[in-house]
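This is what each chain is made of:
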Amino acid sequence: MSDRFRELLKTIGSGPHTGKNLTRQEAAAAMRMMLLKEAKPVQVGAFLIAHRIKRPTGDELAGMLDSYYDLGPKLQSQPSMGVVTVLGCPYDGRSRTAPVTPLTALILATAGVFVVMHGGARMPTKEGVPFIDIWQGLGVEWEKLSLAQIQQVFEQTGLGFVYLPTHFPQADALVEYRRDIGKRPPLATMELIWVPFTGEVHLAAGYVHPPTEGMFQGALALQGVKNYTTVKGLEGSCDLPRDRTAIIGVSMPSDNSATFERLLLHPSDYGCGGKEVLLGSTAELVEQMQEVLQGKVSQLMSAAIWNGGFYLWRCGVCSDIKEGLSKAESLLSSGEVGEKLREIQAKVQFNN
């Protein structure tokens, strides 16, 4: 197998004049060999850095996803779930601004939208705060549950979290290569649009650099994903900014194809403008989130309403963004979102 992998490495690593892109099938084969440890460690490192320099194509990302879907974990749909929203954010976490995504997930779950999050432990290159640390601070230990137990909590509460070290150790084993090469490999792009779920889905994926959105579109078209939202979000997450215009792409199924629309949302037009909440310690962030769940007014509360309102509209709960903002504020101030967290805590503890 290492000989086969060497040929794939030569294809992408031969420089700007003779190097070539991989086909979808070749990218799937390379990803599979890396996950199954059929490629030598030196080959894996060389492949990831060569692919980083070359930049992945939509076909290559689609192929890598093929192997993730073949070998990785998947939560299962149930008839009562409807369209499930998957929130895609960088695995290397946040280092400058306070993440809102867990609060968004709780708001959506409170409103009846089933939500899947996924991520790993602290990892390069940013080594920022990962979601799992935040959930632990909120009293939810997703990492202690098997995938079958995550499925139970998901069905019962509307929220599930797929944790790489526990539920996809083959992929987690590649994290050490990220640390060694010191740069984000194509895996970091692919993860943003990975859907560890089988069923009707709405994907929300964040990005930093505009060309990444084009890669997303190409890969998702090949994967048959037509219902998705792209966000030029905070630190590459799917969190909408409040201190600048939110650049958003919306793809909606239309007959046998999909329509893509560009949205430029100005937070000040909705009374949601303001400075981003700076990230302190994880303990401080958890305390701020707990205050939001208690209905206390703060800058993080404003960010939660802005994001929650947008996604309530995008997930079809509300007819427009203004209605979504009103509902998000109501769910938070009434304590219903806090009650949803307590429900999840209880279900996770019961399954431990």
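Coordinates for the structure precede this section.
Residues numbered from 1 in each chain as written. Predicted model: local features only at pLDDT ≥ 70, side-chain atom pairs only at ≥ 80, totals over all residues. Heavy atoms only, no water.

The next point concerns the overall build of the protein chain. A count of helices and strands for the protein chain gives 17 helices and nine strands. Taking 352 residues into account, the globule formula puts the C-alpha radius of gyration at 20 Å, and the protein chain, at 20 Å, falls close to it. Expressed along its principal axes, the backbone C-alpha trace of the protein chain runs to roughly 60 × 45 × 40 Å. Here the protein chain holds 352 residues, and the buried ones make up 54% of them. Contacts spanning at least 24 positions in sequence make up 74% of the contacts within the protein chain whose residues lie at least 6 apart. Looking at the protein chain as shown, the accessible area adds up to about 14100 Å², and 50% of this sits on carbon and sulfur atoms. (Helix = DSSP H or I, 4+ residues; strand = E, 2+ residues; numbered from the N terminus. Rg over C-alpha atoms; globule rule 2.2 N^0.38 Å. Buried < 20%, exposed > 50% of the residue type's maximum accessible area, 1.4 Å probe, protein only. Contact = heavy atoms within 4.5 Å. Areas by Shrake-Rupley, 256 points an atom, 1.4 Å probe, with all protein chains shown as cover.)

A few words now on the layout of surface pockets. Each pocket or cavity is described by its volume, and for the largest pocket that value is around 630 Å³. Listed by contribution, the elements that provide at least two residues to the lining of the largest pocket are α4 (41–54), α12 (186–190) and α13 (210–223). Taken together, the residues of the lining of the largest pocket sort by class into twelve nonpolar, eight polar and ten charged. Empty space within the second largest pocket amounts to approximately 270 Å³. Around the second largest pocket sit 14 residues that line it, and Gly199, Glu200, Val201, Gly224 and Val225 are the ones nearest its centre. (1 Å grid on protein atoms, 1.4 Å probe; cavity = no way out; pocket = protein on both sides within 12 Å on 5 of 7 lines; lining within 4 Å. Points joined across faces, edges and corners; volume = space filled by probe spheres on them. Nonpolar A, V, L, I, M, F, W, Y, C, P; charged D, E, K, R; others polar.)

Before going further, it helps to spend a moment on empty space enclosed by the protein. Tallying each qualifying case throughout the model produces two cavities of 30 Å³ or more. One number sums up the size of the largest cavity: a volume of about 110 Å³. Lining the largest cavity, in full, are Cys89, Pro90, Tyr91, Gly93, Arg94, His118, Gly119, Gly120, Val129, Pro130, Phe131 and Ser237. Considered as a void within the structure, the second largest cavity measures approximately 30 Å³ in volume.

Before going further, it helps to examine the sheet that holds strand β8 (residues 246–254). Read across the open sheet, the seven strands follow the order β4-β3-β2-β6-β7-β8-β9; overall the sheet is mixed. Sheet topology places β4 (159–163) and β9 (257–265) at the edges, where each strand pairs with a single neighbour. The average angle at which neighbouring strand axes cross in this sheet is 15 degrees, direction not considered. In this sheet, β9 lies alongside β8 in antiparallel orientation, the contact comprising nine bridges. Each residue of the ladder has a partner; that of Ser254, found in β9, is Ser257. (Pairing = 2+ DSSP bridges. Axes fitted to C-alpha atoms, helices over the stretch in contact; angles between N-to-C directions.)

Within the largest apolar cluster, 118 residues are counted, with the highest numbers of intra-cluster contacts made by Trp135 and Trp142. A total of nine residues in this core trace back to one element, the largest contributor, which is helix α15 (residues 299–314). When near neighbours in sequence (up to four residues on either side) are disregarded, Trp135 contacts Pro102, Leu106, Met117, Val140, Trp142, Leu159, Phe161 and Leu341. (Core = buried A, V, L, I, M, F, W, Y, C linked by side-chain atoms within 4.5 Å.)

In this description, an aromatic ring pair is defined by two values, namely the gap between the centres and the angle between the planes. For the coordinates displayed, the defined rule picks out 13 aromatic pairs. Where Tyr207 meets Phe216, the ring centres are 6.4 Å apart and the plane angle is 85 degrees; that geometry is what we call edge-to-face. Centroid distance Tyr228 to Phe260: 6.4 Å. Interplanar angle 40 degrees. Geometry classified as tilted. With a gap of 32 residues between them, Tyr228 in strand β7 (residues 228–231) and Phe260 in strand β9 connect regions that are remote in the sequence. Site record: aromatic cluster; members linked through ring pairs are Tyr68, Phe168 and Trp194. (Phe/Tyr/Trp six-rings, centres within 6.5 Å; stacked < 30°, edge-to-face > 60°.)

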